[in-house]
There are 2 protein chains.
Amino acid sequence: MITVNTKSSSKPKADTKTALLQAGLDIMAEKGYSNTGIQEVLGSLSIPKGSFYHYFDSKEDFALHIIRHVDEMRSACLQKTLSNTAQTPLQRLRTAADNEKNNFLTGECRKGCLIGNLSQEMSDQSEALRLELSACMNKRRDMIADCVAEAQNLGEISKEFTALEYADMYESGWSGAVMRAKTAKTIESLEIFIDLMFSHFLKP
Amino acid sequence: MITVNTKSSSKPKADTKTALLQAGLDIMAEKGYSNTGIQEVLGSLSIPKGSFYHYFDSKEDFALHIIRHVDEMRSACLQKTLSNTAQTPLQRLRTAADNEKNNFLTGECRKGCLIGNLSQEMSDQSEALRLELSACMNKRRDMIADCVAEAQNLGEISKEFTALEYADMYESGWSGAVMRAKTAKTIESLEIFIDLMFSHFLKP
């Protein structure tokens, strides 16, 4: 149980909230929701305990904000790649996959995707978290579907299935490959996914 | 903390251990490792507390046994489908996917796969659990690869990639689709995966 401390932080408010979200993200991505203690998050920062309840109503509310924080960061990053008109739509999808593979490797095959991790752990435990996680998954699938549709219109990808179906399948494969790579501690499943997806699946 | 109670159970030992594993599986598949308390497992059975430490050294050891229990059950079920010579190898793979989709639907899109759930939650937390989960994943991938190889030899699936690569990609897609379906509480991602995999991907 957290004791509310009314001592105010000397840091600007926006920085305090962002610092709490980032520290929570770092710990929760590796340890999961249940294993993450608010005390541990606060202990990693020089922020007084009272600040936490100034920004967040509960641990669940904190997790909701962390999910939105992750979603904003990863959506901005993906959108930047998928809107790069120096590449064709199919090339952009490939670049996005390669970038994410390299990020995972840089992170030593730990953590994986917070959205995926929490969805496995919490979808049957918290309806509020489940709805937020599902919305994030759909948002990302729709961004990929928009790029697939562009590629279909240019003849880079077959129109045998809808852009949304290709994107849903792509997201299933990618998130499963991340899960398997996190467990095996090698990027082999990510490399196989990218290889088969782009040389065999997403083509005219 | 569990108090060791030396009162012996009136049930036969094999039944007691199996009952503990099944109860632990039911709770852990839905709530995850960290959220599962040994007291809760014991509370769901009329088994004295002391029995738990007769069979398992710790919660981690209990989880390892649950993982092996799940692996044995699902491997036996999959092997039965994949060795049914009344169907072609490709038909057997499709039957296995349809069966698992129907089981997930029967379970109201809850729980998903314990192996997948624990791998997301615990791969960075327990090396013992990670190694066991990774071995289970590889075992299932290899069973599917054997069936893919049979299908390749009969000309049902292209030899553009190795059987192991197809199986790895299949397992990534399937486990990701289960994760997404558990989060969305609909089987749409499983249906899209099966549709695209068998009509577009696994073919000559």
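Residues numbered from 1 in each chain as written. Chains lettered and ligands numbered in written order. Predicted model: local features only at pLDDT ≥ 70, side-chain atom pairs only at ≥ 80, totals over all residues. Heavy atoms only, no water.

The next point concerns the packing of helix α4 (residues 59–82) of chain A against helix α6 (residues 114–122) of chain A. Residue and element names in this part refer to chain A. Viewed as axis vectors pointing N to C, α4 and α6 meet at an angle of 145°, and their least axial separation amounts to 10 Å. Across from I66, I67, V70 and R74 in α4, the residues of α6 making contact are L114, I115 and L118. Here the contact of α4 with α6 is composed, by residue class, of six nonpolar, no polar and one charged. (Axes fitted to C-alpha atoms, helices over the stretch in contact; angles between N-to-C directions. Helix = DSSP H or I, 4+ residues; strand = E, 2+ residues; numbered from the N terminus. Contact = heavy atoms within 4.5 Å. Nonpolar A, V, L, I, M, F, W, Y, C, P; charged D, E, K, R; others polar.)

Glancing now at the environment of R92(A). Residues and elements named next belong to chain A. For R92, the position within the fold is in helix α5 (residues 89–106). R92 gets classed as buried once you look at its relative accessible area, which sits at 5%. Sequence separation of R92 and P204 is 112 residues, and the distance between their C-alpha atoms is 16 Å. In this structure R92 touches T81, L82, S83, N84, T85, Q87, C147 and E150, once residues within four positions along its chain are discounted. Engagement of the side chain of R92 in a polar contact is seen with the backbone oxygen of N84, the distance being 3.0 Å. (Buried < 20%, exposed > 50% of the residue type's maximum accessible area, 1.4 Å probe, protein only. Polar contact = N/O pair within 3.5 Å; in protein donor to acceptor, adjacent residues only side chain to side chain.)

Okay, the interface of chain B and chain A next. The partner chain A presents 47 residues to the 47 residues of chain B that form the contact. Carbon and sulfur atoms supply 55% of the area that chain B and chain A bury against each other, a total of about 4600 Å² over both sides. It is Q120(B), D124(B) and R180(B) that lose the most area in chain B upon contact with chain A, and together they represent 16% of the buried surface on that side. Counting across the chain B and chain A interface gives four salt bridges. With a shortest N-O distance of 2.9 Å, R180(B) and D168(A) are connected by a salt bridge. Those elements giving two or more residues to the side of chain B that touches chain A turn out to be α1 (13–31), α6 (114–122), α7 (127–153), α8 (163–184) and α9 (188–201) of chain B. Of all the elements, α8(B) adds the most residues to the side of chain B that touches chain A, at 15 residues. Looking at the side of chain B that touches chain A residue by residue, the classes come out as 14 nonpolar, 17 polar and 16 charged. (Buried area = accessible area lost by both parts, 1.4 Å probe. Salt bridge = Lys/Arg side-chain N within 4 Å of Asp/Glu carboxyl O.)

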